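# Tertiary structure, described
Each chain, written out:
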Amino acid sequence: MFGLGHTELLIILIIVVLLFGAGRIGKIAGELGMGIRSFKDGMNETKENDVSQ
């Protein structure tokens, strides 16, 4: 994965947790998930509109 080993990924994860805190990371991940879901829903609506016209 991008030429990074397990140790490098673990170090990056630890740094991110130290910078943002565990609670904030959960909030960011939730907002990211909602954004992706919204994007997918928008893409599906666009496809449905194209098919029906």
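### Side note on the overall build of the protein chain
Each helix and strand counted, the protein chain has two helices and zero strands in total. The C-alpha radius of gyration computed for the protein chain amounts to 18 Å, which surpasses the reference 10 Å derived for 53 residues by more than 25%, pointing to a less compact arrangement than a globule. Projected onto its principal axes, the C-alpha positions of the protein chain cover 50 × 30 × 10 Å. Across the 53 residues in the protein chain, those meeting the buried criterion constitute 0%. Carbon and sulfur atoms make up 67% of the accessible area of the protein chain, which amounts to about 4,900 Å² in all. Distance between charge centres in the protein chain, computed from 5 positive and 6 negative side chains, equals 8 Å.

### Description of helix α1 (residues 6-20)
The end-to-end C-alpha separation of α1 is 21 Å, in line with the 21 Å expected for 15 residues at 1.5 Å each. Directly after α1, the chain includes G21, whose backbone phi takes a positive value near 85 degrees.

Cut-offs applied
Residues numbered from 1 in each chain as written. Predicted model: local features only at pLDDT ≥ 70, side-chain atom pairs only at ≥ 80, totals over all residues. Heavy atoms only, no water. Helix = DSSP H or I, 4+ residues; strand = E, 2+ residues; numbered from the N terminus. Rg over C-alpha atoms; globule rule 2.2 N^0.38 Å. Buried < 20%, exposed > 50% of the residue type's maximum accessible area, 1.4 Å probe, protein only. Areas by Shrake-Rupley, 256 points an atom, 1.4 Å probe, with all protein chains shown as cover. Lys, Arg positive; Asp, Glu negative; His and termini not counted. Charge placed at Lys NZ, Arg CZ, Asp CG, Glu CD. Expected span 1.5 Å × (residues − 1).

From the geometry alone we can't say anything about function, so treat these as descriptive.
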